[in-house]
Amino acid sequence: MSAPDPAAVDLFGLVAYGELLAFDRLAADARLAPDLRRRAALSEMAAAEIAHYRWLADRLGALGVAPEEAMTPYVDALRAYHASTEPRDWAEAVTKAYVGDAITDDFLRRLAGGLTGPDRALLLDVLHDSRYAEFAAAEIRAALAVDPSAAGRLSMWARRLLGEALSQAGRVAAADRGALVALIGRAGVDVPTLLRELTEAHAARMSAAGLNN
């Protein structure tokens, strides 16, 4: 049996822990929902995150790596992101889901180019269902329709989410053993270019949801 790709192991560890935290966050944020329909929608999003975690944990196990071992280097950075971005209400919760999930998906989609075979397929499989992004964007637009003055607050919140995500990305890079940085290169991009692409895609999404960059 050939040795597992270190880049895939490190990336799957990072993403698996991100899925665990996303499950916790969405399950908690669902309690901010103004009605049962919205609470159920966010709870379904949480269920999808834990399913993705299971896929990643199973793949790590198949590669001969304990999931907790692969996740440990990224615990502090990802916990710090969520600790510094606790939403205060429903509008902030869905904005966080919209912004955070999209940044994650852009990052993973770009890095998928550096993987092959089942590892690449799995990474693409854990991208978020577009229904959830559409739901979150629709909730943001609905909040703005009720209170147009909320645009400034939510736009500032979205900028903070992006800033915190990029800041913690730096901590992830510092914690990494080199494999993830190598994977970025294998995907045909360098770190500054990747961060610029993530920022540009974020700006386009903000406009689509009715928020300012």
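In case you missed it, the structure is sitting above this.
**Student:** Explain the overall build of the chain to me, please; I cannot follow it from the model alone.
**Tutor:** Regarding its fold elements, the chain presents 10 helices and 0 strands. Reading the chain from its N end, one meets helices and strands in the order α-α-α-α-α-α-α-α-α-α. In terms of overall size, the chain behaves like a compact globule, its C-alpha atoms giving a radius of gyration of 17 Å where 213 residues would be expected to give roughly 17 Å. For the chain, the spread of C-alpha atoms along the three principal axes comes to 60 × 35 × 30 Å. Across the chain, every contact between residues at least 6 apart in sequence was considered, and the portion connecting residues at least 24 apart equals 81%. Element-wise, carbon and sulfur atoms account for 58% of the exposed surface of the chain, whose accessible area totals about 9,800 Å². For the chain, the distance from the average position of its 23 positive side-chain charges to the average position of its 29 negative side-chain charges is 3 Å.

**Student:** Looking at this model, I keep getting lost on the pattern of salt bridges. Mind explaining?
**Tutor:** Pairing between side chains becomes possible if they bear opposite charge and their charged atoms approach one another. A full pass over the atoms with the stated rule returns 14 salt bridges. For R38, the salt bridge identified is with D35, shortest N-O distance 2.2 Å. Here D35 falls in the partly exposed class, since its relative accessible area comes to 29%. A salt bridge links R88 to E92; its shortest N-O distance comes to 2.7 Å.

**Student:** Help me understand the packing of aromatic side chains, please; the structure alone is not making it clear to me.
**Tutor:** How two aromatic rings sit relative to each other is set out by the distance from centre to centre and by the angle between their planes. Under the criterion given, the structure shown has 1 aromatic pair. A ring pair is formed by W90 and F135, whose centres lie 6.4 Å apart and whose planes are at 70°; its orientation type is edge-to-face. Pair noted here: W90 is in helix 5 (residues 90-111) and F135 is in helix 7 (residues 130-146), with a separation of 45 residues, a long-range link. The two residues W90 and F135 agree in class, both being buried. Here the basic side chain of R131 rests over the ring of Y132, its NZ or CZ set 5.1 Å away from the ring centre.

**Student:** What is the right way to read the nonpolar core from this model?
**Tutor:** In globular proteins that are soluble, nonpolar side chains generally tend to be buried together. Of all hydrophobic cores here, the largest spans 38 residues; its most connected members are L11, F12 and L123. Of all the secondary-structure elements, those providing two or more residues to this core are helix 1 (6-29), helix 2 (36-62), helix 3 (67-71), helix 4 (75-83), helix 5, helix 6 (117-125), helix 9 (179-186) and helix 10 (191-208). Examining the composition of this core, we find that 10 residues originate from one element, helix 1, more than from any other. Dropping the residues within four chain positions of it, F12 is found in contact with L56, R59, L60, L115, D119, L122 and L123. Formed by 32 residues, the second largest nonpolar core is a distinct cluster that contains L42, Y98, A151 and W157.

**Student:** Explain helix 9 to me, please; I cannot follow it from the model alone.
**Tutor:** For an α-helix, 3.6 residues make a turn, and residues three or four places apart therefore share a direction. Every buried residue of helix 9 is listed here: A179, L180, L183 and I184. What you see down the axis of helix 9 is that its buried residues fit within an arc of 145°, all on one side. Directly after helix 9, the chain includes G188, whose backbone phi takes a positive value near 85°.

**Student:** Explain the environment of T116 to me, please; I cannot follow it from the model alone.
**Tutor:** The residue T116 is located in the loop between helix 5 and helix 6 in this model. Sequence-wise, T116 and A8 are 108 residues apart; in three dimensions their C-alpha atoms are separated by 9.6 Å.

**Student:** Looking at this structure, I do not really get the side chain of E19. What am I missing?
**Tutor:** Inspection of the secondary structure puts E19 in helix 1. As a buried residue without a salt bridge, E19 has its nearest oppositely charged side chain in R25, at a separation of 8.0 Å. Residues contacting E19, with those up to four places away along its chain left out, are E49, H52, Y53, L56 and V126.

**Student:** So what exactly am I meant to see when it comes to the environment of L63 here?
**Tutor:** Tracing the sequence through the fold places L63 in the loop between helix 2 and helix 3. Along the sequence, L63 and E49 sit 14 residues apart, while their C-alpha atoms lie 21 Å from each other.

**Student:** For this particular structure, what's the right way to read the packing of helix 2 against helix 7?
**Tutor:** In a pair of packed helices, the angle between the axes and the distance between the axes together describe the arrangement. Look at helix 2 against helix 7: their axes get within 11 Å of each other, and the N-to-C directions meet at 145°. Relative to helix 7, the crossing made by helix 2 is left-handed. On helix 7, the residues touching R37, R38, A41, L42, E44, M45 and A48 of helix 2 are Y132, F135 and E139. Along the lines of polarity and charge, the residues of the contact of helix 2 with helix 7 split into 6 nonpolar, no polar and 4 charged.

Rules and cut-offs
- Residues numbered from 1 in each chain as written.
- Predicted model: local features only at pLDDT ≥ 70, side-chain atom pairs only at ≥ 80, totals over all residues.
- Heavy atoms only, no water.
- Helix = DSSP H or I, 4+ residues; strand = E, 2+ residues; numbered from the N terminus.
- Rg over C-alpha atoms; globule rule 2.2 N^0.38 Å.
- Contact = heavy atoms within 4.5 Å.
- Areas by Shrake-Rupley, 256 points an atom, 1.4 Å probe, with all protein chains shown as cover.
- Lys, Arg positive; Asp, Glu negative; His and termini not counted.
- Charge placed at Lys NZ, Arg CZ, Asp CG, Glu CD.
- Salt bridge = Lys/Arg side-chain N within 4 Å of Asp/Glu carboxyl O.
- Buried < 20%, exposed > 50% of the residue type's maximum accessible area, 1.4 Å probe, protein only.
- Phe/Tyr/Trp six-rings, centres within 6.5 Å; stacked < 30°, edge-to-face > 60°.
- Lys NZ or Arg CZ within 6 Å of the ring centre and 35° of its normal.
- Core = buried A, V, L, I, M, F, W, Y, C linked by side-chain atoms within 4.5 Å.
- Arc of directions from axis to C-beta.
- Axes fitted to C-alpha atoms, helices over the stretch in contact; angles between N-to-C directions.
- Left-handed = near helix turned anticlockwise from the far one by under 90°.
- Nonpolar A, V, L, I, M, F, W, Y, C, P; charged D, E, K, R; others polar.

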